[in-house]
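Structural overview
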Amino acid sequence: EDQAAAAYEKFMDETNEDIAVKETESGHKTAKKRDTDAETESLKKELELTQDELDAANTYYDKLKPDCVDNGLSYTDRVRMREEEIQSLK
């Protein structure tokens, strides 16, 4: 009977210790999940803002693109036009 009581006490101590360890692990995992979720939300907002900036830059680029694209003039025509422009500024 003393042996059974000792075994029971040992079992209860181990069980209580196991429960405490699992509760602590659960608390750590919950905190880690909360931190990860907060970081995910922050990164999603940052991604959304960055995407908005990229969209605005692409829109501006598309607006400027026709002014910068070669419109079929040969090099000599462009040189002549540039020279005329410079002469008109003098």
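First, a word on scope: everything that follows refers to the structure included in this document. Predicted model, so just to flag it, every value in this text is computed and none were measured. (Residues numbered from 1 in each chain as written. Predicted model: local features only at pLDDT ≥ 70, side-chain atom pairs only at ≥ 80, totals over all residues. Heavy atoms only, no water.)

So, about the overall build of the chain. In terms of regular secondary structure, the chain is built from 2 helices and 0 strands. Taken over the C-alpha trace, the chain has a radius of gyration of 37 Å; the compact-globule value for 90 residues is 12 Å, which it surpasses by more than 25%. In terms of principal-axis extent, the alpha carbons of the chain reach across some 115 × 20 × 20 Å. Put simply, the chain has 90 residues, and 0% of those count as buried. Per element, the accessible surface of the chain, about 8600 Å² overall, is 55% carbon and sulfur. If the 14 positive side-chain charges of the chain are averaged to one point and the 25 negative ones to another, these points end up 10 Å apart. (Helix = DSSP H or I, 4+ residues; strand = E, 2+ residues; numbered from the N terminus. Rg over C-alpha atoms; globule rule 2.2 N^0.38 Å. Buried < 20%, exposed > 50% of the residue type's maximum accessible area, 1.4 Å probe, protein only. Areas by Shrake-Rupley, 256 points an atom, 1.4 Å probe, with all protein chains shown as cover. Lys, Arg positive; Asp, Glu negative; His and termini not counted. Charge placed at Lys NZ, Arg CZ, Asp CG, Glu CD.)

Right, let's get into the pattern of salt bridges. In this structure the tally under the stated criterion is 5 salt bridges. Of the charged contacts in the structure, one is a salt bridge between Lys22 and Asp18, with a shortest N-O distance of 3.3 Å. With a gap of 4 residues between them, Lys22 and Asp18 both fall in helix H1 (residues 2–68), about one helical turn apart. Note that Asp37 is salt-bridged to Lys33, the shortest N-O span being 2.9 Å. Pair noted here: Asp37 and Lys33 are both in helix H1, with a separation of 4 residues, about one helical turn. (Salt bridge = Lys/Arg side-chain N within 4 Å of Asp/Glu carboxyl O.)

This part takes up a negative patch on the surface. A surface patch of negative charge is lined by Glu9, Asp13, Glu14 and Glu17. Mapped onto the secondary structure, Glu17 falls in helix H1. According to the relative accessible area criterion, Glu17 is exposed, its value standing at 56%. (Patch = residues over 30% accessible without salt bridge, like charges linked within 9 Å, V, L, I, M, F, W, Y side chains within 5 Å.)

Glancing now at H1. With 67 residues, H1 extends 95 Å between its outermost C-alpha atoms, agreeing within 8% with the 99 Å of an ideal straight helix rising 1.5 Å per residue. Approximately 25 degrees is the largest bend angle found in H1, and it occurs at Asp62, with the proline Pro66 only one to four residues beyond. (Expected span 1.5 Å × (residues − 1). Bend = angle between axes of the 7 residues up to and from the residue.)

This part takes up the environment of Glu46. One can find Glu46 in helix H1. Placed 26 residues apart in sequence, Glu46 and Gly72 show a C-alpha to C-alpha distance of 42 Å.

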